[in-house]
Amino acid sequence: MKATSAAARLEKIEQLETLRNKMIQTANTLGIQHPMVLKYSKKIDETHNKIMQLQHNEK
């Protein structure tokens, strides 16, 4: 079971990095206060929370 949750956590980390890159690109293009930047920021927070939950469940 730990291998499965570790794989799921790794997948979420990759998603987090993708979202982070999209947020940076959007901020550079549209400005830091654009609603899309906030949308990506919220998704990053949600994904981070899921990673933390998966990590906690591995213990």
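Our structure is the block above this text.
What counts and how
Residues numbered from 1 in each chain as written. Predicted model: local features only at pLDDT ≥ 70, side-chain atom pairs only at ≥ 80, totals over all residues. Heavy atoms only, no water. Helix = DSSP H or I, 4+ residues; strand = E, 2+ residues; numbered from the N terminus. Rg over C-alpha atoms; globule rule 2.2 N^0.38 Å. Buried < 20%, exposed > 50% of the residue type's maximum accessible area, 1.4 Å probe, protein only. Core = buried A, V, L, I, M, F, W, Y, C linked by side-chain atoms within 4.5 Å. Contact = heavy atoms within 4.5 Å. Salt bridge = Lys/Arg side-chain N within 4 Å of Asp/Glu carboxyl O.

A. Representation of the overall build of the protein in the model. A tally of regular secondary structure across the protein gives two helices and zero strands. Against the 2.2 N^0.38 benchmark of 10 Å for 59 residues, the protein shows a C-alpha radius of gyration of 14 Å, more extended than a compact globule. Along the first, second and third principal axes, the C-alpha set of the protein runs to 45 × 15 × 10 Å. For the protein, the proportion of its 59 residues judged to be buried stands at 20%.

B. Seen up close, the nonpolar core. Judged by nonpolar contacts, L16, L19, M23, A27, V37, Y40, I44 and I51 together constitute the single largest core of eight residues. Of all the secondary structure elements, the ones that give two or more residues to this core are α1 (2-30) and α2 (35-58). Those residues in contact with Y40, other than ones at most four positions away along the chain, are L19, K22, M23 and T26.

C. Structural detail: the pattern of salt bridges. Scanning the entire structure with this criterion turns up one salt bridge. A salt bridge links E17 to R20, with the shortest nitrogen-to-oxygen separation between them at 2.9 Å. Of the two residues, E17 and R20 are both situated in helix α1; the distance of three residues between them amounts to about one turn of the helix. The class for E17 is partly exposed, based on a relative accessible area of 33%.

D. Broad picture of the environment of H48. Locating H48 in the fold gives a position in helix α2. Since its relative accessible area comes to 39%, H48 is described here as partly exposed. Distance from H48 to H34, taken between C-alpha atoms, is 22 Å for residues 14 residues apart in sequence.

E. Highlighting the side chain of T47. With respect to the element layout, T47 can be found in helix α2. Leave out the neighbours within four places in its chain, and T47 touches K12, Q15, L16 and L19.

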